[in-house]
Amino acid sequence: MSELRPPRYLKPMNKFMMAVQKLGIPTGPAMVLTVPGRKSGRPRSTPMTPFDYRGGLYVVAGYPGADWARNARAAGVGTLSRGRRSRRVAVVALTAEEARPVLRVFATKVPVGVAFAKRSGLVRDGTPEEFEALADRLTVFRFDPLPASC
C-alpha cells in the first residue's frame, strides 16, 4: 500500500472543529488534544475522537506517521479538551501487541473514524479484523489522567 496522505479538506475541517470547541460548544464525542510541538515547543492542537475501552480512554491516529501523533509521542503529556472543559493527561503510545484489541474495538465504537479510514483507503470494509491488522502501521494512544498541577 502506498503512503497515504490526508485529504485536503482535513486541515480546514480540523480548524473549524477547534473553533467550535473554543466557543464552548461540544461536538459530539470529539475532543481536542493539545501538546507541545516536538521541534518548536509551541502548543499544537488536533481534534480527535477518543473512546472508552476497559476503563481507559484511547485514540487511534488516522494516518501512519501523522504529525500530531509524532508530537504526542514526543511530549508524553497534553491537555484534552471538550467544549470549555479540559484536563491534563499522560499520552501513552501502545505497542503493536497492546494496540491490536484496541483497534478491534475502534472498528465498532468510532463509526466516524471507520468512515474516514474507508474514504482514505486505509481499510476496505472497516471490519475489526482489518483494523487489528493495522497495529504495526497505526499509532494508538491511551490517555491517563494527571493531577491538575502537572
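Use the structure listed above.
This report concerns the structure included in the present document. A quick note: this is a predicted structure, and the numbers were derived from the prediction, not measured.

1. Observations regarding the overall build of the protein
- Looking only at helices and strands, one finds five helices and seven strands in the protein.
- For the protein, the α and β elements follow one another from N to C terminus as α-β-β-β-β-α-β-β-α-α-α-β.
- Looking at the protein as a whole, 42% of its 150 residues are labelled buried.
- Within the protein, residue pairs in contact and separated by at least 24 positions form 63% of the contacts whose partners lie at least 6 positions apart.
- Approximately 8700 Å² of the protein is accessible, and the part contributed by carbon and sulfur atoms is 54%.

2. Considering unusual backbone geometry
- Notably, Arg54 is not glycine yet its phi reads approximately 50°, a positive angle.
- Within the fold, Arg54 resides in the loop between strand E3 (51-53) and strand E4 (56-60).
- Note on Arg54: relative accessible area 75%, which makes it exposed.

3. With respect to the environment of Glu132
- Residue placement: Glu132 occurs in helix H5 (residues 128-132).
- Classification of Glu132 by relative accessible area gives partly exposed; the value is 26%.
- With 36 residues separating them along the chain, Glu132 and Ala96 place their C-alpha atoms 9.2 Å apart.
- When residues no more than four places from it in sequence are discounted, the contact partners of Glu132 are Arg100, Leu103 and Arg104.
- At 2.9 Å, the side chain of Glu132 forms a polar contact with the side chain of Arg104.

4. Looking at the nonpolar core
- The biggest cluster of nonpolar side chains holds 21 residues, and the ones touching the most others in it are Phe51, Leu103, Phe131 and Val140.
- Of all the elements in the fold, those that place two or more residues in this core are E3, E4, helix H3 (96-109) and helix H4 (111-120).
- For this core, the leading source of residues is H3, giving six residues.
- Residues Met48, Ala66, Trp68 and Ala69 belong to the second largest nonpolar core, which totals 18 residues.

5. Thoughts on the pairing of strand E7 (residues 140-145)
- In this structure, E4 lies alongside E7, joined through four bridges in antiparallel fashion. Within the sheet, the bridge partner assigned to Val59 lies in E7 and is Phe141.
- Where strand E6 (residues 85-93) and E7 come together, five bridges link them in antiparallel fashion. Pairing of Val89 across the sheet is with Pro145, part of E7.

6. A closer look at the sheet that holds strand E1 (residues 31-36)
- The seven strands lie next to each other as E2-E1-E5-E6-E7-E4-E3, forming an open sheet whose pairing is antiparallel. Lying at the two open borders of the sheet, with one neighbouring strand each, are strand E2 (43-48) and E3. Neighbour to neighbour, the strand axes of the sheet diverge by 40° on average, direction disregarded.
- Of the strand pairs in this sheet, E3 and E4 are connected by three bridges, and their pairing is antiparallel. Directly across from Phe51, in E4, lies its bridge partner Tyr58.

7. A short note on the packing of aromatic side chains
- Under the criterion given, the structure shown has five aromatic pairs.
- Taking the centre distance of 5.8 Å and the plane angle of 70° together, the rings of Tyr53 and Tyr58 count as edge-to-face.
- Ring centres of Phe106 and Phe131 lie 5.2 Å apart, and the angle between their planes is 65°; on these two criteria the pair is classed as edge-to-face. Of this pair, Phe106 sits in helix H3 while Phe131 sits in helix H5, and the two are 25 residues apart along the sequence.

What counts and what doesn't
- Residues numbered from 1 in each chain as written.
- Predicted model: local features only at pLDDT ≥ 70, side-chain atom pairs only at ≥ 80, totals over all residues.
- Heavy atoms only, no water.
- Helix = DSSP H or I, 4+ residues; strand = E, 2+ residues; numbered from the N terminus.
- Buried < 20%, exposed > 50% of the residue type's maximum accessible area, 1.4 Å probe, protein only.
- Contact = heavy atoms within 4.5 Å.
- Areas by Shrake-Rupley, 256 points an atom, 1.4 Å probe, with all protein chains shown as cover.
- Polar contact = N/O pair within 3.5 Å; in protein donor to acceptor, adjacent residues only side chain to side chain.
- Core = buried A, V, L, I, M, F, W, Y, C linked by side-chain atoms within 4.5 Å.
- Pairing = 2+ DSSP bridges.
- Axes fitted to C-alpha atoms, helices over the stretch in contact; angles between N-to-C directions.
- Phe/Tyr/Trp six-rings, centres within 6.5 Å; stacked < 30°, edge-to-face > 60°.

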